[in-house]
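One letter stands for each residue in the lines below.
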Amino acid sequence: MGLDQPQAWLLGLPTAAVYGSLALFTTILHNVFLLYYVDTFVSVYKINKMAFWVGETVFLLWNSLNDPLFGWLSDRQFLSSQHRSGAGLSSRAVVLARVRALGWHGPLLALSFLAFWVPWAPAGLQFLLCLCLYDGFLTLVDLHHHALLADLALSAHDRTHLNFYCSLFSAAGSLSVFASYAFWNKEDFSSFRAFCVTLAVSSGLGFLGATRLLRRRVEAARRDPGCSGLAVDCGLCGEELLVGSEEADSITLGQYLRQLARHRNFLWFVSMDLVQVFHCHFNSNFFPLFLEHLLSDHISLSTGSILLGLSYVAPHLNNLYFLSLCRRWGVYAVVRGLFLLKLGLSLLMLLAGPDHLSLLCLFIASNRVFTEGTCKLLTLVVTDLVDEDLVLNHRKQAASALLFGMVALVTKPGQTFAPLLGTWLLCFYTGHDLFQQSLITPVGSAHPWPEPPAPAPAQAPMLRQGCFYLLVLVPITCALLQLFTWSQFTLHGRRLHMVKAQRQNLSQAQTLDVKMV
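On a predicted model such as this, the values are computed, not experimentally measured, just so you know.

Before going further, it helps to spend a moment on the overall build of the chain. For the chain, the count of helices and strands is 17 helices and 0 strands. Every one of the 517 residues in the chain was classed for burial, and the buried ones make up 53%. A separation of at least 24 residues holds for 85% of the contacts in the chain among residues at least 6 apart in sequence. Summed over all atoms, the accessible surface of the chain reaches about 22400 Å², with 66% contributed by carbon and sulfur.

Below is the structure:
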C-alpha cells in the first residue's frame, strides 16, 4: 500500500530542513520565556525580593553545571571502545539515540514552559522549580541537537548547510516575540496564558513529528545501500559499526578532563568563546539602557520596541549570509573578519562621538546583530573540535554532546560577568548606581531595566557620556582579546582538512575491521 500524499510529501523534505525545524520548536518558546518570565513573577505573581534572588542564585549554579552533567551522562559510554556486553557501537545507533532523546525531551520542554504561566505553588517555590525544570530540559534539547550537527555530517560544507536551516527556522521562531506583544497584559493574563498554551502545544507536536520523521530517515538509510537522503553528506554510510571488538578500559571523568587540558585548540577556543558569551550577554543586558540614555530623546517608544524585537530576529537572518561566506572562505576566516569588523566599527564610533545619532543608532543595532551572529557560527567550530578530539584521543565514537557540555561549563560564567562588570563600570565612570533603583531584572525580560528617576541636570550629560564609553570600549577590548586568542587557534585550513581526512579514514578502517571479523 502506498503512502498518502501528505505523508509522501513530508518524507520528501530534505534531512537538513527536518533537522533545522527542531530549532523553530525551541525558539518559539525560548524567546517568549526570556522576555516575560521575570515580569510575570515580579508583576503578576508578586514574588518577594528574597525569594527572587534565591531562585536566581540556585538557577545560576544549576545552569552552569547541568551542561557537563547531562553531556557526561549522555556520552560517557562513547569514551570507551566497548560496551560491557562486548557489542559494537553503531554510529547510526548513536544518531537514533539522540533523535529519540529529542523526541522525549522536546515535549517535556514544552510542558515545563507551560508551568510558568499558571500559578500552582507559592511564587518563590514555583519560580525556583520552573527555572530549574525548564533549563534542564532546554539543556538536554540543545545538547542533543548540537551533537546531531556533528553526528549527521562530517564535511564543513554539509555542517554549514545544516546550520543554514537552523538559522532560517530560528528566524521564523523569533517572530513569536512580535506576536507576544499583542497578548501581553499584566492586568488580564488570560489571553497571554492562552497564547503560551498555543505555543507549547505547537512546539510539543512539532518535536514529536520532526523526530519521528528524522528517525524514519535514519532507519530507512540502514536498509538503503545507496544511503540516499540520510545525512547531507551521507556521513553515516558505511559506518554501521564504528566500534571494534577489542578490549578497552573505560575512561573516567578525571581522565577525560586531563585529555581536554591537553587539547590546545579546545583551550584557546573556550578562552575566545568566554569573551564572546560575555559580549553577547553584555549587549542583551545593556541594549535597552543604551536606547534609553543615548537615543530616547530622538526615537519614539514604539521605535525602541521595534528595535528590541528586531534584535532577536536580525541575527538569524544575518547569519544566513554569514553561512554563505563560511562555505566560500571557511568559518575561521569569517569569524576573524567579524572580530576585525567589530574593532573597526567601535573605533570609528569612538572617534565620531555620541552626537552622530544616525551612526550611533546603526552602531547599537549592528553591534548586537554581528555579536549574536558570531555566537551562532561558533557551533560549527565546536563540531570541528569534536572531530579533533576523536582523532587526538583515538576514540571509537565522537562524544559530541559531552564536548558541547564542557564548552558551556567554561563559557557560561560570561553570562554572570556581563551584568556585574557592566554595572560596575557604569558606576565607576558616572557614579550612577543601577542597584540603588528598584529591582533589576535579568537578561531578556520585557523591561530589562527599571524606569530610573530622571538624573540631575548636571549628572545627565555625564551619564550619557558614560553609557557611550561603555558602548564602544567594551567591544574594542573584547575584539582585541578575541583577535589574540583566535590567532592561536590552529584548527583551520590544512590542519582541519587533515583531521577530517583522519576521521574519515578511521571510520572506514574500523568498518573494514568489523566486516573481516
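Right, let's talk about the state of the cysteines for a bit. This structure, assessed with the given rule, holds 1 disulfide. One disulfide bridge connects Cys 280 with Cys 375, the sulfur atoms lying 2.3 Å from each other. Note on the Cys 280 and Cys 375 pair: the S-S dihedral is about 110°, so by sign convention the disulfide is right-handed. You can see Cys 280 sitting in helix α10 (residues 264-295) and its partner Cys 375 sitting in helix α13 (residues 357-392), a full 95 residues away along the chain. The partly exposed category is assigned to Cys 375, whose relative accessible area is 22%.

We now examine the pattern of salt bridges. Side chains carrying opposite charge are able to pair once their charged atoms draw close together. Counted by the stated rule, this structure contains 9 salt bridges. One salt bridge connects Asp 384 with Arg 159, and the closest N-O pair in it is separated by 3.5 Å. Here Asp 384 is found in helix α13, whereas its partner Arg 159 is found in helix α6 (residues 156-173), with 225 residues between them in sequence. Asp 384 gets classed as buried once you look at its relative accessible area, which sits at 8%. The partner of Asp 384 in a salt bridge is Lys 500, and the shortest N-O contact between them spans 3.0 Å. Here the residue Asp 384 occupies a position in helix α13, and Lys 500 occupies one in helix α17 (residues 493-516), the gap between them amounting to 116 residues. Owing to a relative accessible area of 12%, Lys 500 belongs among the buried residues under this scheme. Several salt bridges share partner residues, and in doing so they unite Arg 159, Asp 384, Asp 387 and Lys 500 into one network.

In terms of nonpolar packing, the biggest core is built from 108 residues, with Phe 113, Phe 116, Trp 117, Phe 192, Phe 269 and Trp 486 touching the most fellow members. The element best represented in this core is helix α2 (residues 15-44), accounting for 17 residues. Beyond its immediate sequence surroundings of up to four residues, Phe 269 is in contact with Leu 378, Val 381, Val 382, Leu 385, Val 407, Trp 486 and Phe 489. Counting residues in hydrophobic clusters, the runner-up holds 26 residues, among them Phe 278, Phe 282, Leu 425 and Leu 471.

Where α2 meets helix α7 (residues 175-183), the closest approach of the two axes is 8 Å, and the angle between their N-to-C directions is 50°. The pairing of α2 with α7 is recorded here as oblique in orientation. You can see that α2 and α7 cross each other, and the crossing is right-handed. Within the contact between the two elements, α2 uses Thr 27, Ile 28, Asn 31, Val 32, Leu 35 and Tyr 36 and α7 uses Ser 176, Val 177, Ser 180 and Tyr 181. Along the lines of polarity and charge, the residues of the contact of α2 with α7 split into 6 nonpolar, 4 polar and no charged.

What follows covers the packing of aromatic side chains. In this structure the tally under the stated criterion is 34 aromatic pairs. Judged by centre distance (6.2 Å) and plane angle (40°), the rings of Phe 192 and Phe 195 are tilted. Here Phe 195 and Phe 192 lie together in helix α8 (residues 190-223), a separation of 3 residues that amounts to about one turn. You'll find Phe 192 and Phe 195 in the same group, each marked buried.

Scored by pLDDT, the chain has a mean of 78; 78% of the residues are at 70 or more. Across residues 1-11, where pLDDT falls below 50, the model places 9 contacts with residues more than four positions away in sequence or in other chains.

Moving on, we come to helix α4 (residues 91-114). An ideal rise of 1.5 Å per residue puts 34 Å on 24 residues; α4 measures up with 35 Å between its terminal C-alpha atoms. In terms of burial, α4 is largely enclosed, as 17 of its 24 residues are buried.

Bringing the side chain of Arg 159 into the picture now. Given a relative accessible area of 1%, Arg 159 falls into the buried group. Of note is the side chain of Arg 159, whose polar atom sits 2.8 Å from the backbone oxygen of Ala 153. A distance of 3.1 Å separates a polar atom in the side chain of Arg 159 from the backbone oxygen of Thr 383. Setting aside residues up to four positions removed in sequence, Arg 159 forms contacts with Leu 149, Ala 150, Ala 153, Leu 154, Leu 380, Thr 383, Asp 384, Asp 387, Lys 500 and Arg 503.

A word on a nonpolar patch on the surface. Together, Val 118, Trp 120, Leu 125 and Leu 129 line one region of the surface with nonpolar side chains, adding up to about 360 Å² of accessible area. Mapping Leu 125 onto the fold places it in helix α5 (residues 123-152). Judged by relative accessible area, which is 44%, Leu 125 ranks as partly exposed.

Thresholds, definitions, all that
- Numbering of residues starts from 1 in each chain and follows the order in which that chain's sequence is written.
- Totals for whole chains, interfaces and linings use every residue, but because this is a predicted model, local features are given only for residues with pLDDT of at least 70 and side-chain atom pairs only at 80 or more, for both listing and counting.
- Hydrogens and waters are ignored; side-chain quantities use all the structure's heavy atoms.
- A run of DSSP states H or I qualifies as a helix once it reaches four residues; a run of E qualifies as a strand once it reaches two. Both are numbered from the N-terminal end.
- With a 1.4 Å probe rolled over the protein chains alone, any residue whose accessible area is under 20% of its type maximum counts as buried; one over 50% counts as exposed, and the rest are partly exposed.
- Only heavy atoms enter the contact rule, under which two residues are in contact if any of them lie within 4.5 Å.
- Calculation of accessible area relied on Shrake-Rupley with a 1.4 Å probe; when residues are assessed, cover is drawn exclusively from the protein chains displayed.
- Here, a disulfide means two cysteine sulfur atoms that sit within 2.5 Å of each other.
- Salt bridges are defined by distance alone: a side-chain nitrogen of Lys or Arg within 4 Å of a carboxyl oxygen of Asp or Glu.
- In plain words, nonpolar cores are sets of buried Ala, Val, Leu, Ile, Met, Phe, Trp, Tyr and Cys residues tied together by side-chain atoms within 4.5 Å.
- Note on definitions: angles span 0 to 180 degrees between N-to-C directions of axes, and those axes are lines fitted to C-alpha atoms, for helices only across the stretch in contact.
- Angles below 35 degrees are treated as roughly parallel, those above 145 as roughly antiparallel, those between 65 and 115 as roughly perpendicular, and all remaining angles as oblique.
- Take the far helix as your reference; a near helix turned counterclockwise from it by less than a right angle gives a left-handed crossing, and one turned clockwise gives a right-handed crossing.
- Each residue is assigned to one of three groups, with Ala, Val, Leu, Ile, Met, Phe, Trp, Tyr, Cys and Pro labelled nonpolar, Asp, Glu, Lys and Arg labelled charged, and all others, Gly among them, labelled polar.
- Only Phe, Tyr and Trp rings take part, Trp by its six-membered ring, and two of them pair if their centres are within 6.5 Å. Stacked means planes under 30 degrees apart, edge-to-face means over 60, and tilted covers everything else.
- Confidence of the predictor at the level of single residues is captured by pLDDT, which takes values from 0 to 100.
- To estimate the expected span of a helix, count its residues, drop one, and scale the result by 1.5 Å.
- Identification of polar contacts relies on pairs of N or O atoms within 3.5 Å, with a donor-acceptor requirement for protein atoms, meaning one able to donate a hydrogen and the other able to accept it, and with residues adjacent in sequence counted only if both atoms are side-chain atoms.
- Like-charged residues are merged into a patch within 9 Å and nonpolar side chains (Val, Leu, Ile, Met, Phe, Trp, Tyr) within 5 Å, provided each residue has over 30% relative accessible area and no salt bridge.

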